[in-house]
Amino acid sequence: MAQAMRPNTAGGLFATDGKPHPLQDTLLAVTLVLGITAFVSAMFHNLHLLSSWTGLVGILTGAYGQWVSETTRERFGLILGLGAAAVGFFLGMAHGGLFGGVIN
């Protein structure tokens, strides 16, 4: 029954170790917002610049967030954001790319 003697350390929504992680939480939020933006804008052919750039930045912030993350909850959210950003990035690249229509 040693597990019954452990204190409840679930202080925050993403900090399962009971410590604050402001950098990791910020990276998580930014990655999720960029991933959702890239994913939704990738559904429209004429928004390929937005989807490809937000997807690229979302992939980079998510990768750095994975590198510095400390809890499983942070990593789970980062993977969701990374996946959405990657799909948005690849669809944006397929529709015209990072500079499609700007440089001829």
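Conventions used here
- Residues numbered from 1 in each chain as written.
- Predicted model: local features only at pLDDT ≥ 70, side-chain atom pairs only at ≥ 80, totals over all residues.
- Heavy atoms only, no water.
- Helix = DSSP H or I, 4+ residues; strand = E, 2+ residues; numbered from the N terminus.
- Expected span 1.5 Å × (residues − 1).
- Contact = heavy atoms within 4.5 Å.
- Polar contact = N/O pair within 3.5 Å; in protein donor to acceptor, adjacent residues only side chain to side chain.
- Buried < 20%, exposed > 50% of the residue type's maximum accessible area, 1.4 Å probe, protein only.
- Axes fitted to C-alpha atoms, helices over the stretch in contact; angles between N-to-C directions.
- Parallel < 35°, antiparallel > 145°, perpendicular 65-115°, else oblique.
- Left-handed = near helix turned anticlockwise from the far one by under 90°.
- Nonpolar A, V, L, I, M, F, W, Y, C, P; charged D, E, K, R; others polar.
- Phe/Tyr/Trp six-rings, centres within 6.5 Å; stacked < 30°, edge-to-face > 60°.

1. Considerations on helix 1 (residues 22-41)
Because each turn of an α-helix spans 3.6 residues, side chains separated by three or four positions in sequence point in the same direction. For helix 1, with 20 residues, the first-to-last C-alpha span of 28 Å sits near the 28 Å given by 1.5 Å per residue. For helix 1, the secondary structure elements touched by its buried residues are helix 2 (48-68) and helix 3 (72-95).

2. Here's the deal with helix 3
Helix length check: helix 3 (24 residues) gives 34 Å between terminal C-alpha atoms against 34 Å at 1.5 Å per residue, within 8%. Buried residues in helix 3 make contact with helix 1 and helix 2. Note on helix 3: the residue one or two positions beyond its end, Gly 97, has a positive phi of about 85°.

3. Overview of the side chain of Ser 41
Counting through the fold element by element, Ser 41 comes out in helix 1. Here Ala 38 takes part through its backbone oxygen, which lies 3.3 Å from a polar atom of the side chain of Ser 41. Engagement of the side chain of Ser 41 in a polar contact is seen with the backbone nitrogen of Ser 51, the distance being 3.5 Å.

4. Focus: the environment of His 21
Along the chain, His 21 turns up in the segment before helix 1. In this structure His 21 comes out as buried when scored by relative accessible area, which is 5%. Sequence separation between His 21 and Ser 69 is 48 residues; the distance between their C-alpha atoms is 8.6 Å.

5. What to know about the environment of Gly 96
Among the secondary structure elements, Gly 96 is positioned in the segment after helix 3. Taking the C-alpha atoms as reference points, Gly 96 and His 48, 48 residues apart in sequence, are found 6.0 Å from one another.

6. What to know about the packing of helix 1 against helix 2
At a closest axis distance of 8 Å, the pairing of helix 1 and helix 2 adopts a crossing angle of 155°. As the angle between them shows, helix 1 and helix 2 are arranged roughly antiparallel. Judged by the twist between their axes, the crossing of helix 1 over helix 2 is left-handed. Of the residues in helix 2, those touching helix 1 at Leu 23, Gln 24, Leu 27, Val 30, Thr 31, Leu 34, Thr 37, Ala 38 and Ser 41 are Leu 50, Ser 51, Thr 54, Gly 55, Val 57, Gly 58, Thr 61, Gly 62, Tyr 64, Gly 65 and Val 68. Each residue belonging to the contact of helix 1 with helix 2 can be placed in one class, and the counts come to nine nonpolar, eleven polar and no charged.

7. Notes on the packing of aromatic side chains
Within this structure, the stated rule accounts for three aromatic pairs. With 5.6 Å between their ring centres and 75° between their planes, Trp 53 and Phe 99 make a pair best called edge-to-face. In this pair, Trp 53 sits in helix 2 while Phe 99 sits in the segment after helix 3, placing the two residues 46 residues apart along the sequence. Here Trp 53 falls in the partly exposed class, since its relative accessible area comes to 36%. Classification of Phe 99 as partly exposed rests on a relative accessible area of 47%. Centre to centre, the rings of Tyr 64 and Trp 67 are 5.7 Å apart; their planes meet at 55°, and the pair counts as tilted. Of this pair, Tyr 64 and Trp 67 both sit in helix 2, separated by three residues, roughly a single helical turn.

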